[in-house]
Amino acid sequence: MLLVAKNVSVNPTDRLSFFGKLFRVDENPELGMWLLLLTIFALSAIVYNLGFARKLKFWQNIIIYILLFLGCLLLTFLAVFLPVGESLIIAAIVLGLYRYRLHKERSGEKQQ
């Protein structure tokens, strides 16, 4: 016998993440998953550039982005029901604010 809590929905459509609902993964899975993959990859690239990127050679950047894309394939499947994309947006905002503050602090030191 399957026990289900009273407030938990067993309908998968109700459990989709924001981006899953936005791209209508339940209605058009093929297009929705491609859009979700591109979104997760773009957000991951932004977070990588804001927080972790260093000056590398061109071929090293190509390898980094290929591996990032491969990792995003797994994250895309998780992002259908889990808030992966939303977490990447929060990470990008926090890292962007950090970079802005660091830039502002460094430009203030140069003027003094």
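Keep in mind that this is a model prediction, so the values were computed, not measured.

Q: Is there a simple way to explain helix α2 (residues 29-51) in this structure?
A: For an α-helix the count is 3.6 residues per turn, leaving residues at separations of three or four pointing the same way. When the terminal C-alpha atoms of α2 are compared, their 32 Å separation across 23 residues agrees well with the 33 Å that a helix rising 1.5 Å per residue should span. For α2, the full list of buried residues reads Gly 32, Met 33, Leu 36, Leu 37, Thr 39, Ile 40, Leu 43, Ser 44, Ala 45, Val 47 and Tyr 48.

Q: Please explain the packing of α2 against helix α3 (residues 58-79) as it appears in this structure.
A: Any two packed helices are characterised by how steeply their axes cross, that is the angle between the axes, and by the distance between the axes. Orientation of α2 relative to α3, taken along the N-to-C sense of each, is 130°, at an axis distance of 8 Å. Between α2 and α3, the angle falls in the class oblique. In this structure, α2 crosses over α3, and the sense of that crossing is right-handed. Every residue of α3 that contacts α2 at Met 33, Leu 36, Leu 37, Ile 40, Phe 41, Ser 44, Ala 45, Tyr 48 and Asn 49 is listed here: Ile 64, Tyr 65, Leu 68, Phe 69, Cys 72, Leu 73, Leu 75, Thr 76, Phe 77 and Ala 79. For the contact of α2 with α3, the class distribution of residues is 16 nonpolar, three polar and no charged.

Q: Please explain the nonpolar core as it appears in this structure.
A: The nonpolar side chains of soluble globular proteins are, as a tendency, buried together. Counting 16 residues, the largest nonpolar core has Leu 36, Ile 40, Val 80 and Leu 88 as its most contacted members. Broken down by secondary-structure element, the contributors of at least two residues to this core are α2, α3 and α4 (84-111). With six residues, the single largest contributor to this core is α2. Among residues more than four places away in sequence, those in contact with Leu 88 are Ile 40, Leu 43, Ser 44 and Val 47.

Q: Quick question: what am I supposed to make of the UniProt feature "transmembrane region" (unreviewed entry) in the protein chain here?
A: This chain's UniProt record puts "transmembrane region" (unreviewed entry) on residues 31-50, 62-81 and 87-102. Taken end to end, residues 31-50 comprises 100% helix and 0% strand; its first and last C-alpha atoms sit 29 Å apart. End C-alpha atoms of residues 87-102 are separated by 22 Å, and the span's content is 100% helix alongside 0% strand.

Conventions adopted
Per chain, the residues get numbers from 1 upward, laid out in the order the sequence is written. Local features are withheld for residues below a pLDDT of 70 in this predicted model, meaning they are given only at 70 or higher, and side-chain atom pairs are given and counted only at 80 or more; totals for whole chains, interfaces and linings count all residues. Just so you know, side-chain values use all the structure's heavy atoms and leave hydrogens and water out. Working definition: helices are DSSP H or I runs of at least four residues, strands are E runs of at least two. Numbering for both runs from the N terminus. The length a helix should cover is 1.5 Å for every residue beyond the first. Only protein chains enter the accessibility calculation, which uses a 1.4 Å probe; a residue whose area is less than 20% of its type maximum is buried, one above 50% is exposed, and one in between is partly exposed. With axes taken as lines fitted to C-alpha atoms, and helix axes fitted only over the stretch in contact, angles between N-to-C directions fall between 0 and 180 degrees. Roughly parallel means an angle under 35 degrees; roughly antiparallel, over 145; roughly perpendicular, 65 to 115; everything else is oblique. Here a crossing is called left-handed whenever its near helix is offset anticlockwise from the far helix by less than a right angle, and right-handed whenever the offset is clockwise. The contact definition used throughout considers only heavy atoms, calling two residues in contact when any of these lie within 4.5 Å. Each residue gets one label: Ala, Val, Leu, Ile, Met, Phe, Trp, Tyr, Cys and Pro are nonpolar, Asp, Glu, Lys and Arg are charged, and the others, such as Gly, are polar. What we call a nonpolar core is a set of buried Ala, Val, Leu, Ile, Met, Phe, Trp, Tyr and Cys residues that are connected through their side-chain atoms within 4.5 Å. UniProt positions are given in the numbering used here, feature names are shortened, and annotations may be inferred rather than shown by experiment.

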